[in-house]
Amino acid sequence: MDQEQLKQQIKQLAGERNALLIAHNYQRDEVQEIAEITGDSLALSMAAANTGKQVIVFCGVHFMAESAAILAPEKTVLLPRADAGCPMADMITAEQLRAFKAEHPGATVVTYVNSSAAVKAESDICCTSSNAVNVARSLDSDTLLMVPDRNLGRYIAGHVPEKDCICWDGFCPTHDRLKVEEVKQAKAEHPDALFMAHPECTPEILELADHICSTSGMYEFARRSPVRKFIVGTENGILWRLKIDNPEKEFIMPSQALVCPNMKLTSLEDILLCLQTLEPRIRVAADIREKAKRSLDRMLAVPRD
Ligand code: 13P
Ligand code: SF4
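Since we're looking at a predicted model, the values are computed, not measured. (Residues numbered from 1 in each chain as written. Chains lettered and ligands numbered in written order. Predicted model: local features only at pLDDT ≥ 70, side-chain atom pairs only at ≥ 80, totals over all residues. Heavy atoms only, no water.)

1. Quick notes on unusual backbone geometry
(1) Moving on: In this model, Val147 is joined to Pro148 through a cis peptide bond whose omega is -10°.
(2) Moving on: Here Pro148 lies in the loop between strand 7 (143-147) and helix 8 (150-159).
(3) Moving on: A cis amide bond, omega -10°, links Glu279 with the succeeding residue Pro280.
(4) Moving on: Structurally, Pro280 is set in the loop between helix 14 (268-277) and helix 15 (286-300).
(5) Moving on: Here Leu278, not a glycine, exhibits a phi torsion of approximately 55°, which is positive.
(6) Moving on: With respect to the helices and strands, Leu278 occurs in the loop between helix 14 and helix 15. (Helix = DSSP H or I, 4+ residues; strand = E, 2+ residues; numbered from the N terminus.)

In structure tokens:
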């Protein structure tokens, strides 16, 4: 079957199944193209929670589909590739978080959504890259435990100097591959370009950035800016929509290593198969789900900019 036939069959079956197809901004081009909604972690979690459709096909990684299953327990949430995980989310377990909390009694745990349901269940509030600073500012506590991303944690700490932010030592292996020399070289070759970077990048990279934001924040920044050239400090799947939305603008990847292997697993064949079988289905045990939902709901209640 060629790509066009596959897309046709997926659309037809999605209609018959009353399924919503959503894709993260890092998915393969053809997957983003077929999705009804593309977006960052926050936008996709909200779309999953608010849809009237019964089935959600989440083209992303495991923790994202889990968040959808937590927020919409009555729906059937499918992750086309069960093996699409997130190495950063695996860098902290619920048991490790319990021990971390015991070392810092009274601190508030702020957990990046790139984490398991069990870790969210042990947390006070969640955050995503697009609301992390607002979440931290909304909290009364003077001490925050930021898990699992040390880079997002340090970035937040810079915006709430009045609070003591203690960061877990996790990181995203994909963003971690971007080197300072590569960004400096791209800047030297394109002095007229602005550098936008994701807060999962290292602090040394973020120091070089003209704008730091989530993946969806990059769409907004590139669209609004009068500048015509951008160096992109995040996973390369973001180029698909950046180029469609801004045909007159140029986007430069400073490194060929900005590819998340997990995000690239999902193919059109996987999506079709999962619509046919309604598997792999993501389920979260009720006790974990209820506690994790409290952390996500608390995050969703924080006012956005
Ligand atoms: P956002 O889409 O929320 O910016 O997150 C990036 C990411 O790495 C998701 O895994
Ligand atoms: Fe996880 Fe990084 Fe891949 Fe996002 S890009 S899913 S944080 S490994």
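2. Some points on the pairing of strand 5 (residues 108-112)
(1) Moving on: Among the five residues of strand 5, five are classified as buried, and the element is accordingly described as predominantly covered.
(2) Moving on: Side-chain alternation along strand 5 places Thr108, Val110 and Tyr112 on one buried face and Val109 and Thr111 on a second face that is also buried.
(3) Moving on: In this structure, strand 5 lies alongside strand 6 (residues 125-127), joined through three bridges in parallel fashion. Bridging from a neighbouring strand, Thr111 pairs with Cys126 of strand 6. (Buried < 20%, exposed > 50% of the residue type's maximum accessible area, 1.4 Å probe, protein only. Pairing = 2+ DSSP bridges.)

3. Here we look at the site of ligand 1
(1) Moving on: Taken together, 14 residues lie around ligand 1, and His24, Ser129, His198, Glu200 and Thr215 are the ones closest in.
(2) Moving on: Measuring from an oxygen atom of ligand 1, one finds a side-chain N or O atom of Asn114 at 3.3 Å.
(3) Moving on: Within the side chain of Thr215, an N or O atom sits 2.9 Å from an oxygen atom of ligand 1.
(4) Moving on: Against a free-state accessible area of 300 Å², the protein chains account for coverage of 96% of ligand 1.
(5) Moving on: Its atoms largely coinciding with the cavity grid, ligand 1 occupies the second largest pocket.
(6) Moving on: Classifying every residue of the shell around ligand 1 by side-chain character gives five nonpolar, seven polar and two charged. (Near = heavy atom within 4 Å. Polar contact = N/O pair within 3.5 Å; in protein donor to acceptor, adjacent residues only side chain to side chain. Areas by Shrake-Rupley, 256 points an atom, 1.4 Å probe, with all protein chains shown as cover. 1 Å grid on protein atoms, 1.4 Å probe; cavity = no way out; pocket = protein on both sides within 12 Å on 5 of 7 lines; lining within 4 Å. Sits in = over half its atoms within 2 Å of the grid points. Nonpolar A, V, L, I, M, F, W, Y, C, P; charged D, E, K, R; others polar.)

4. Observations regarding the side chain of Arg150
(1) Moving on: Counting through the fold element by element, Arg150 comes out in helix 8.
(2) Moving on: When sequence neighbours within four positions are dropped, the list of residues in contact with Arg150 reads Cys167, Trp168, Asp169, Gly170, Phe171 and Asp176. (Contact = heavy atoms within 4.5 Å.)

5. Concerning the pattern of salt bridges
(1) Moving on: Within the structure shown, the criterion is met by 16 salt bridges.
(2) Moving on: Among the ionic pairs, Lys229 bridges to Asp192, the shortest N-O distance being 3.5 Å. Here Asp192 lies in the loop between helix 10 (180-189) and strand 9 (194-197) and Lys229 lies in strand 11 (residues 229-233), a separation of 37 residues in the sequence.
(3) Moving on: Among the residues examined, Lys229 registers a relative accessible area of 15% and is labelled buried.
(4) Moving on: The exposure class of Asp192 is partly exposed, given its relative accessible area of 49%.
(5) Moving on: Salt bridges linked by common partners bring Glu4, Lys7 and Glu33 together as one network. (Salt bridge = Lys/Arg side-chain N within 4 Å of Asp/Glu carboxyl O.)

6. Regarding the packing of aromatic side chains
(1) Moving on: All told, the structure shown has three aromatic pairs when counted by the stated rule.
(2) Moving on: Judged by centre distance (5.1 Å) and plane angle (65°), the ring pair of Phe100 and Trp168 falls under edge-to-face. Of this pair, Phe100 sits in helix 5 (residues 94-103) while Trp168 sits in the loop between strand 8 (164-167) and helix 9 (173-176), and the two are 68 residues apart along the sequence. Per residue, the accessibility class of Phe100 equals that of Trp168, and both read buried.
(3) Moving on: Ring geometry for Phe230 against Phe251: centres 5.5 Å apart, planes inclined by 15°, an arrangement best described as stacked. Within this pair, whereas Phe230 is found in strand 11, its partner Phe251 is found in strand 12 (residues 250-252), the two being separated by 21 residues in sequence. We note that Phe230, like Phe251, is buried. (Phe/Tyr/Trp six-rings, centres within 6.5 Å; stacked < 30°, edge-to-face > 60°.)

7. With respect to the sheet that holds strand 12
Strand pairing within a sheet occurs via backbone hydrogen bonds; the two strands may be parallel or antiparallel.
(1) Moving on: Pairing in this open sheet of four strands is parallel, and the strands run 10-9-11-12 from one edge to the other. The open sheet has two edge strands, strand 10 (211-212) and strand 12, and neither has a second partner.
(2) Moving on: Pairing analysis gives two bridges linking strand 9 to strand 10, with the strands arranged parallel. Counterpart to Met196 in the pairing with strand 10 is His211.
(3) Moving on: In this fold helix 12 (residues 215-224) packs onto strand 9, strand 10, strand 11 and strand 12, with an angle of close to 160° to the strand it touches most, strand 9. (Axes fitted to C-alpha atoms, helices over the stretch in contact; angles between N-to-C directions.)

8. Some details on the site of ligand 2
(1) Moving on: Surveying the vicinity of ligand 2 reveals the residues Tyr26, Val61, Cys86, Pro87, Asn114, Cys172, Glu200, Cys260 and Met263.
(2) Moving on: Assessed atom by atom at 2 Å from the grid points, ligand 2 resides in the second largest pocket.
(3) Moving on: Of the residues contributing to the shell around ligand 2, the split by class is seven nonpolar, one polar and one charged.

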